[in-house]
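Below, each chain spelled out in residue letters.
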Amino acid sequence: MASDRGTTPDDRETSKNPALERCLDVLRDARNDSEQFAALLLVTKAAKAGDVDAKTRRRIFDAVGFTFPNRLLASKDPPEGCPGPMFQALGLTLLACFCTDPGLAEHPQVLNKIPTFNSVISTCDSGEAPCGSMINEAYQCLGAILATPKGPRELVNRGALVALCQAYVSHNYGHDQALCLLVGLLAAAEAKCWQRAPSALTGVLDTLSAEFQKAEDITKFQLCDALRHFVPPLLSPGSECLQSLYQGLSSLLSSKLSASQMDPALKLAARLTQACGSEWIPPGRAGSKFFALLANLACVEVRLSLEEPDLAEVEKKQELVAACYILMEHAILECTREEGSLLRERQKVQLVGILEEAFAAVVYYLRQAGWEKLEDPFIFASVRILGAWLAEETSSLKQEICDLLPFLLHYAKLQFEAGKKDGSSLQKAECSGSQEPIWHGDALRFLLPGFSHLTAEDRPRAILISEGAPVLLCQYFSHQWEVFVSDLETPFALDAVESTLQTACAIFLNFVVAVPELISREDCFAALMDTLLKSLPSLRPQGEHLGLAAGITTLGILMARKLSAHSGLQRTPEAEGFFSATVTFLAEAHVAQPDPVGDSVILHLAPAYEAVWPTIGELWLLGMQAFASCVPLFPWLPEVVLLSVWLQDLLELLNRVTPASVDLELVTAFHGVLVELARSSPPCREVIQQHRGAELANLYGMAALEQCLSQP
């Protein structure tokens, strides 16, 4: 029934449509369905005839309510002589009118009609009156729902996503409206959309890609702008859309374009690159030329945008510049790839120079805006891409980078502390997804590789130390270790965190080797030592974490030399556990095996170590040297060695293999450990003598050991 709510004088004064006022009076006075239906026809006609403001629309709703439109939509039998869906058309018109009020658009009674709207856009024949207007009004209702806070989720859950995809792929009436709604839906709830309807969205992507390739008019630019929204987070290199997208972008970028035409092309290329790397670009001369052009355009855009003195103008281009950052990062990867790169050597040299100019602009922007815009996500994006550059190239822009280091460290510290306050790991959040974050995340993780290079150089290392880097890095390492041990069942997350921990170890090693006095001077290293003592025993010395074990082992024993008085190293259970794990790591690196080309037995890398030896070989040698120097500092250490039977196994190994198979570096490493054990521990000296120690010393040229054993 019609509402009994009356019209106030103020309401009448605000209405600019006298005909509508009369119709509302008739509607309020209707005594049965027939009169109400007739009045509704008058209302809808009057509403369409003039502009209706929000207050008037609300008055129409107050007069009509939801009950009667619901009955109209459910009605199957139109009056004699009327088109079949006339009642449904009137119901949709009313709902479309109501939906212009955001409060009504998210009303449960409207949300419940989403399946009805889906059916209209999917099955109505636009050639049958009044289906065309019904479809338009269904789209209007869906668009209004999409604009509400809960709308995107409701549309996905109630099937609108699939219906919109089908409407576009089938090119139903109003399919251009379907495309606009899909773009908005993906912008609001991308992850949920791809989770719920990947095949339907892929169908739209394939259709759009084919249209994009074929288009030769302004439509090509419109499709280009829409397409980037339909590229999934991960895209298989074998996807059928890739060839069409490459050919469409190639023809587009080889033309003379205005800035407004260039921008969507760069954004689409960046989205594709983020989804499948450079796999969407075919190898060969054409692909090489195209990628070089793409990287050039991205670098030029970054320079033009970030060198703009007006920061307000930079803000307008943040999304475009962030897309260019993605292309620049992959350009770095292609320039550093030794095999299978899209680029030829000459192109690489040229591109590195262009990248350097672009990164000079990034550094300039961060110096101009960084301190004032610490909360701006675009600052994170800029720091992140700079980290990718520093990971590979620290010889250029040295002065500029040194000047920026205080800001980078301050920014990384803020991001790290904010992540801890949230009570969650940024690493965990990042690694749960399929793409690296562009606008937010753990800034320090992206800067660590560059810091590992910079701490090997005197000036940047001194700046980092003076700005408090050791304290921050020690805290960060401990935090990341907690993340690592809590995520042992999540291999993908582990890979990123483990890599971070290994890089942090490399930075600490630079400190230990270059500035050894820093270890005993800064209290944070004592706390780090405690973390290392507890960490190493929990790692499997052999297996997938061997690289991290190498870093922690070598760092720990090098630090132990400088912290020998530390309470945690005074034969505590943690210290014994650490050195036992250290012995295991050092002892199991080499085995004896038959010579494949002769009858002798030779020394060979253990299978578990062989694959990672290029990465950990130097760490193992440094660890052997450091372990030897720890033996006289910790009187209980020889006992740990004897209990592990490493000494016995090492002597037996040297007795079994052909001396010529043991290279000089290994002989030196073994010699250092053996001679310190013999000097520091009578029981170890006795074991060495029992295993033909003097003969082995003579055979392998271990003069110091031979002399030690010859003394009474």
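Reading guide: rules and limits
- Residues numbered from 1 in each chain as written.
- Predicted model: local features only at pLDDT ≥ 70, side-chain atom pairs only at ≥ 80, totals over all residues.
- Heavy atoms only, no water.
- Helix = DSSP H or I, 4+ residues; strand = E, 2+ residues; numbered from the N terminus.
- Buried < 20%, exposed > 50% of the residue type's maximum accessible area, 1.4 Å probe, protein only.
- Areas by Shrake-Rupley, 256 points an atom, 1.4 Å probe, with all protein chains shown as cover.
- pLDDT = per-residue confidence, 0-100.
- Contact = heavy atoms within 4.5 Å.
- Core = buried A, V, L, I, M, F, W, Y, C linked by side-chain atoms within 4.5 Å.
- Pairing = 2+ DSSP bridges.
- Salt bridge = Lys/Arg side-chain N within 4 Å of Asp/Glu carboxyl O.
- Expected span 1.5 Å × (residues − 1).
- Bend = angle between axes of the 7 residues up to and from the residue.
- Polar contact = N/O pair within 3.5 Å; in protein donor to acceptor, adjacent residues only side chain to side chain.
- Phe/Tyr/Trp six-rings, centres within 6.5 Å; stacked < 30°, edge-to-face > 60°.
- Lys NZ or Arg CZ within 6 Å of the ring centre and 35° of its normal.
- Axes fitted to C-alpha atoms, helices over the stretch in contact; angles between N-to-C directions.
- Parallel < 35°, antiparallel > 145°, perpendicular 65-115°, else oblique.
- Left-handed = near helix turned anticlockwise from the far one by under 90°.
- Nonpolar A, V, L, I, M, F, W, Y, C, P; charged D, E, K, R; others polar.

*Asks:* Describe the overall build of the chain, listing the residues and the values that go with them.
*Replies:* Of the regular secondary structure elements, the chain holds 40 helices and 2 strands. In the chain, which comprises 712 residues, the share counted as buried stands at 53%. Of the accessible surface of the chain, which amounts to about 31,600 Å², a share of 52% is contributed by carbon and sulfur atoms.

*Asks:* Run through the confidence of the model for the chain, naming residues and quoting values.
*Replies:* Reading fine detail from the predicted coordinates is not recommended where pLDDT is low. On average, the chain scores 87 in pLDDT, and the residues at 70 or more come to 89%. Note on residues 1–15: pLDDT is under 50 here. Beyond four places in sequence and across chains, it has 27 contacts. Under a pLDDT of 50 for its full length, residues 424–436 has, in the predicted model, 36 contacts with residues more than four places off or in other chains.

*Asks:* Talk me through the environment of Phe585; I want residue IDs and the actual numbers.
*Replies:* On the secondary structure map, Phe585 appears in helix 32 (residues 573–587). A residue is classified by how much of its surface remains accessible, and Phe585, at 1% relative accessible area, is buried. For the pair Phe585 and Ala550, spaced 35 residues apart in sequence, the C-alpha separation works out to 7.5 Å. Once residues lying within four places of it in the same chain are set aside, the contact partners of Phe585 are Leu546, Ala550, Thr553, Tyr609, Ile616 and Trp620.

*Asks:* Before we move on, could you go through the nonpolar core and cite the residues and values that matter?
*Replies:* Ranked by size, the top nonpolar core spans 256 residues in total, and within it Trp280, Leu386 and Phe627 carry the most contacts. Contact partners of Leu386, with chain neighbours within four places excluded, come to Phe359, Val362, Val363, Leu366, Ile401, Leu404 and Leu408.

*Asks:* How would you sum up the pairing of strand 2 (residues 601–605)? Please name residues and give values.
*Replies:* Across 5 bridges, strand 1 (residues 590–594) lies against strand 2 in antiparallel orientation. Bridged to Pro594 within strand 2 is Val601. The turn joining strand 1 and strand 2, which pair antiparallel and follow one another in sequence, is formed by 6 residues.

*Asks:* Lay out the pattern of salt bridges with the relevant residues and their values.
*Replies:* Going through the model one piece at a time under the given rule, you end up with 20 salt bridges. Salt-bridge contacts for Glu329 lead to Arg384; the nearest nitrogen and oxygen are separated by 2.6 Å. Of this pair, Glu329 sits in helix 20 (residues 318–336) while Arg384 sits in helix 22 (residues 377–390), and the two are 55 residues apart along the sequence. The partner of Arg679 in a salt bridge is Glu676, with the nearest N and O atoms 3.7 Å apart. Of this pair, Arg679 and Glu676 both sit in helix 37 (residues 664–680), 3 residues apart, which is roughly one turn of that helix. For Arg679, a relative accessible area of 51% puts it in the exposed group.

*Asks:* Summarise helix 13 (residues 175–196); cite the residues concerned and give the values.
*Replies:* The periodicity of an α-helix, 3.6 residues per turn, causes residues three or four positions apart to be oriented the same way. When the terminal C-alpha atoms of helix 13 are compared, their 21 Å separation across 22 residues is substantially less than the 32 Å that a helix rising 1.5 Å per residue should span. A bend of about 110° at Ala189 is the largest found in helix 13. Of all the positions in helix 13, only Ala178, Leu179, Leu181, Leu182, Val183, Leu185, Leu186, Ala189, Cys193 and Trp194 are classed as buried. Where helix 13 is buried, its residues meet helix 10 (131–146), helix 11 (151–157), helix 12 (160–169), helix 14 (198–214) and helix 15 (219–227).

*Asks:* Which residues make up unusual backbone geometry, and what are the values?
*Replies:* The phi torsion at His171 lies on the positive side, around 55°, for a residue other than glycine. Within the element layout of this structure, His171 appears in the loop between helix 12 and helix 13. Located in the positive-phi region is Arg571, a residue other than glycine, with phi close to 50°. Position of Arg571 among the secondary structure elements: in the loop between helix 31 (546–562) and helix 32.

*Asks:* Tell me what's going on with the side chain of Ser341, and back it up with residues and numbers.
*Replies:* Along the polypeptide, Ser341 turns up in the loop between helix 20 and helix 21 (345–369). Within the structure, the side chain of Ser341 is placed 3.1 Å from the backbone nitrogen of Leu343, a separation counted as a polar contact.

*Asks:* I'd like a rundown of the packing of aromatic side chains, residues and numbers included.
*Replies:* Inspection of every chain in the model, using the stated rule, returns 21 aromatic pairs. Plain terms: the ring middles of Trp371 and Phe407 are 5.3 Å apart, the flat faces sit at 70° to each other, and that makes the pair edge-to-face. Here the residue Trp371 occupies a position in the loop between helix 21 and helix 22, and Phe407 occupies one in helix 23 (residues 398–421), the gap between them amounting to 36 residues. Within the aromatic cluster, the residues linked to one another by ring pairs are Phe578, Phe579, Phe627, Phe634, Trp636 and Trp646. Positioned over the ring face of Phe212 is Lys220, at 4.9 Å from the centre of the ring.

*Asks:* Tell me about the packing of helix 31 against helix 34 (residues 613–630), and please be specific about residues and values.
*Replies:* Here helix 31 crosses helix 34 at 30°, and the two axes come no closer than 9 Å. By the angle class used here, helix 31 and helix 34 are roughly parallel. Considering how the two elements wind past one another, helix 31 and helix 34 form a crossing that is left-handed. Across the interface between the two elements, Leu546, Gly547, Ala550, Gly551, Thr554, Ile557, Leu558, Ala560 and Arg561 from helix 31 touch Ile616, Leu619, Leu622, Gly623, Ala626, Phe627, Ser629 and Cys630 from helix 34.

*Asks:* Report on the packing of helix 9 (residues 114–123) against helix 12, specifying residues and quantitative values.
*Replies:* Close contact between helix 9 and helix 12 brings their axes to 9 Å; oriented N to C, the two are set at 10°. With respect to helix 12, the element helix 9 is oriented roughly parallel. For the pair helix 9 and helix 12, contact is made by Ile114, Asn118, Ile121 and Ser122 and by Ala160, Ala163, Leu164, Gln166 and Ala167, respectively. Residue composition of the contact of helix 9 with helix 12, grouped by class: 6 nonpolar, 3 polar and no charged.

*Asks:* With reference to specific residues and values, describe the environment of Ala381.
*Replies:* The residue Ala381 is located in helix 22 in this model. We classify Ala381 as buried; its relative accessible area is 2%. Counting along the chain gives 60 residues from Ala381 to Val321, while the straight-line C-alpha distance between them is 9.3 Å.

*Asks:* Quick rundown of the environment of Val300? Include the residues and the values.
*Replies:* Following the sequence through the fold, Val300 ends up in helix 18 (residues 285–306). The exposure class of Val300 is partly exposed, given its relative accessible area of 42%.

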